[in-house]
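Okay, here's what each chain looks like letter by letter:
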Amino acid sequence: MRDQIACCLKCHQDNETAFKKVYMFLQEHAHRNASLEDVHLFTGVSVHKISEFLREGRILTGDYPNLGYPCSHCKQLIHRHMLCEDCRLEFLRSANEILAEDGDWANSNQAHWKLKK
């Protein structure tokens, strides 16, 4: 059964079991302020797997103030997306510099990526 999931059935079942452990742990009121490391220590689910659940939106970090995952670049604790704000802005600046150096791109009608503050 690989039509609806990106892994084999056994791996999918293992992922769901891990998710249920994490979810049930976080549902207890006493654990609402748990950190990523706390969840890992109490459930035995890897930090990587918990971070995956957070990135996928299966667990909403807004409900748990101390629960976040590392930025893909600098490892700062974040609560959404793949990059923290500083790394995102640096990426956009670098991309715009590269595009500005490309004469064909700079002279085309395509706009540069916008930096939001």
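Trainee: Can you explain the overall build of the chain? Please cite residues and give values.
Mentor: Of the regular secondary structure elements, the chain holds five helices and two strands. Listed by position from the N terminus, the elements making up the chain come as α-α-α-β-β-α-α. Burial analysis of the chain (117 residues in total) assigns 29% to the buried set. Here the contacts in the chain between residues at least 6 apart in sequence split such that 31% fall between residues at least 24 apart.

Trainee: Any chance you could break down the pattern of salt bridges for me, citing the residues and the numbers?
Mentor: The tally for this structure, following the rule as stated, stands at five salt bridges. When the shortest N-O distance is used, the salt bridge between Lys 49 and Glu 52 registers 3.2 Å. Taken together, the positions of Lys 49 and Glu 52, both in helix H3 (residues 47-55) and three residues apart, correspond to about one turn of that helix. Taking relative accessible area as the criterion, Glu 52 reaches 23% and is therefore assigned partly exposed. Glu 90 serves as the salt-bridge partner of Arg 93, at 3.9 Å between the closest nitrogen and oxygen.

Trainee: Give me the lowdown on unusual backbone geometry, citing residues and values where you can.
Mentor: Backbone geometry places Lys 75, a non-glycine residue, at a positive phi of 75°. Its location among the elements puts Lys 75 in the loop between strand E1 (69-70) and strand E2 (77-78).

Trainee: Requested: an account of the packing of aromatic side chains, with residues and values cited.
Mentor: This model, assessed by the stated rule, comprises three aromatic pairs. Centroid distance Phe 19 to Phe 53: 5.3 Å. Interplanar angle 80°. Geometry classified as edge-to-face. Of the two residues, Phe 19 sits in helix H1 (residues 9-27) while Phe 53 sits in helix H3, which places them 34 residues apart along the sequence. Relative to Phe 42, the ring of Phe 25 has its centre 5.5 Å away and its plane inclined at 20°; by these criteria the two rings are stacked. Placement of the pair is Phe 25 in helix H1 and Phe 42 in helix H2 (residues 36-43), with a sequence separation of 17 residues. A relative accessible area of 9% places Phe 25 in the buried class. Phe 42 sits in the exposed class, given a relative accessible area of 63%.

Trainee: Requested: an account of the confidence of the model for the chain, with residues and values cited.
Mentor: Keep in mind that low pLDDT regions are not for reading the predicted coordinates in detail. Averaged over the chain, the pLDDT score is 84; the fraction of residues at 70 or greater is 83%. The least confident element of the chain, judged by mean pLDDT, is helix H5 (residues 103-106) at 59; the most confident is H2 at 95.

Trainee: An account of the nonpolar core is requested, with residue identities and associated values reported.
Mentor: Counting 20 residues, the largest nonpolar core has Val 22, Leu 26, Val 39, Ile 59 and Leu 67 as the members making the most contacts within it. Elements with a contribution of two residues or more to this core: H1, H2 and H3. The greatest single-element share of this core, amounting to five residues, is contributed by H1.

Trainee: Just give me the short version of the packing of H1 against H2, but keep the residues and values in it.
Mentor: At their nearest, the axes of H1 and H2 sit 10 Å apart, and the two run at 115° to each other. Classified by the angle their axes make, H1 and H2 are roughly perpendicular. Note on packing geometry: the crossing formed by H1 with H2 is right-handed. Residues Lys 21, Val 22, Phe 25 and Leu 26 of H1 touch H2, and the partners they reach there are Asp 38, Val 39, Phe 42 and Thr 43. In terms of residue class, the contact of H1 with H2 is made up of five nonpolar, one polar and two charged.

Rules and cut-offs
- Residues numbered from 1 in each chain as written.
- Predicted model: local features only at pLDDT ≥ 70, side-chain atom pairs only at ≥ 80, totals over all residues.
- Heavy atoms only, no water.
- Helix = DSSP H or I, 4+ residues; strand = E, 2+ residues; numbered from the N terminus.
- Buried < 20%, exposed > 50% of the residue type's maximum accessible area, 1.4 Å probe, protein only.
- Contact = heavy atoms within 4.5 Å.
- Salt bridge = Lys/Arg side-chain N within 4 Å of Asp/Glu carboxyl O.
- Phe/Tyr/Trp six-rings, centres within 6.5 Å; stacked < 30°, edge-to-face > 60°.
- pLDDT = per-residue confidence, 0-100.
- Core = buried A, V, L, I, M, F, W, Y, C linked by side-chain atoms within 4.5 Å.
- Axes fitted to C-alpha atoms, helices over the stretch in contact; angles between N-to-C directions.
- Parallel < 35°, antiparallel > 145°, perpendicular 65-115°, else oblique.
- Left-handed = near helix turned anticlockwise from the far one by under 90°.
- Nonpolar A, V, L, I, M, F, W, Y, C, P; charged D, E, K, R; others polar.

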